[in-house]
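Given next are the chains, with one letter for each unit.
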Amino acid sequence: MNQNLYVEREPYEAKGKTYFSHYIKGNIRGTDVKILLAPPDNGGYTVLDIVYNGENTADFIVKPFEMKNDAGETIKGNTYSVQSIDKETGEIYECAVKPLRNSDKNLLKMLLK
């Protein structure tokens, strides 16, 4: 993958409260797409707020992994996270994310090719 991807966030209202949706914008075969992402659990939304630090974009990080299962088969894949770097201290803030729906998973796979 030769492109830098960013995760954006935008507010939305639900049940009288303001929440954020997190997504990557891209273009796959001439079609504009918006791939929704979410943290692995509800506590991750607080972590994402810390990572964004008041901004509306952060870096999308892809980390390949490889492991062997109990049958000795090699399993390969990627983990995903949202990351920012503190401009003053250089400290890295990161939160794991995953595609929200199966369709988002499929779109992300296509976008990363």
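See the structure above.
Residues numbered from 1 in each chain as written. Predicted model: local features only at pLDDT ≥ 70, side-chain atom pairs only at ≥ 80, totals over all residues. Heavy atoms only, no water.

Here we come to the pairing of strand S5 (residues 74-85). With 10 bridges connecting them, strand S4 (residues 57-68) and S5 associate as antiparallel partners. Bridge pairing in S5 places glutamate 66 opposite lysine 76. The antiparallel pairing of S4 with S5 creates a hairpin that spans five residues between the two strands, and glycine 72 there sits at a positive phi of about 85°. Direction of pairing for S5 relative to strand S6 (residues 92-99): antiparallel, over a ladder of six bridges. When the bridges of S6 are listed, serine 81 appears paired with alanine 96. Between S5 and S6, which follow one another and run antiparallel, lie six residues, and glycine 90 among them has a positive phi close to 80°. (Pairing = 2+ DSSP bridges. Helix = DSSP H or I, 4+ residues; strand = E, 2+ residues; numbered from the N terminus.)

The backbone of arginine 29 sits at a positive phi, close to 50°, despite the residue not being glycine. As for its placement among the helices and strands, arginine 29 is situated in the loop between strand S2 (17-28) and strand S3 (31-38). Overall, arginine 29 belongs to the exposed group, its relative accessible area being 85%. You will see that asparagine 53, though not glycine, has its phi angle at about 50°, which is positive. (Buried < 20%, exposed > 50% of the residue type's maximum accessible area, 1.4 Å probe, protein only.)

Moving on, we come to the sheet that holds S2. Strand order in the closed barrel made by the six strands is S1-S2-S3-S6-S5-S4, with antiparallel pairing throughout. Each strand of the sheet is rotated relative to its neighbour by a mean of 50°, with strand direction disregarded. Contacts between helix H1 (residues 44-52) and the sheet are confined to strand S1 (6-14), S2, S3, S4, S5 and S6, with S6 contributing the most and set at about 135° to the helix. (Axes fitted to C-alpha atoms, helices over the stretch in contact; angles between N-to-C directions. Contact = heavy atoms within 4.5 Å.)

The values reported here are purely geometric and, on their own, carry no functional implication.
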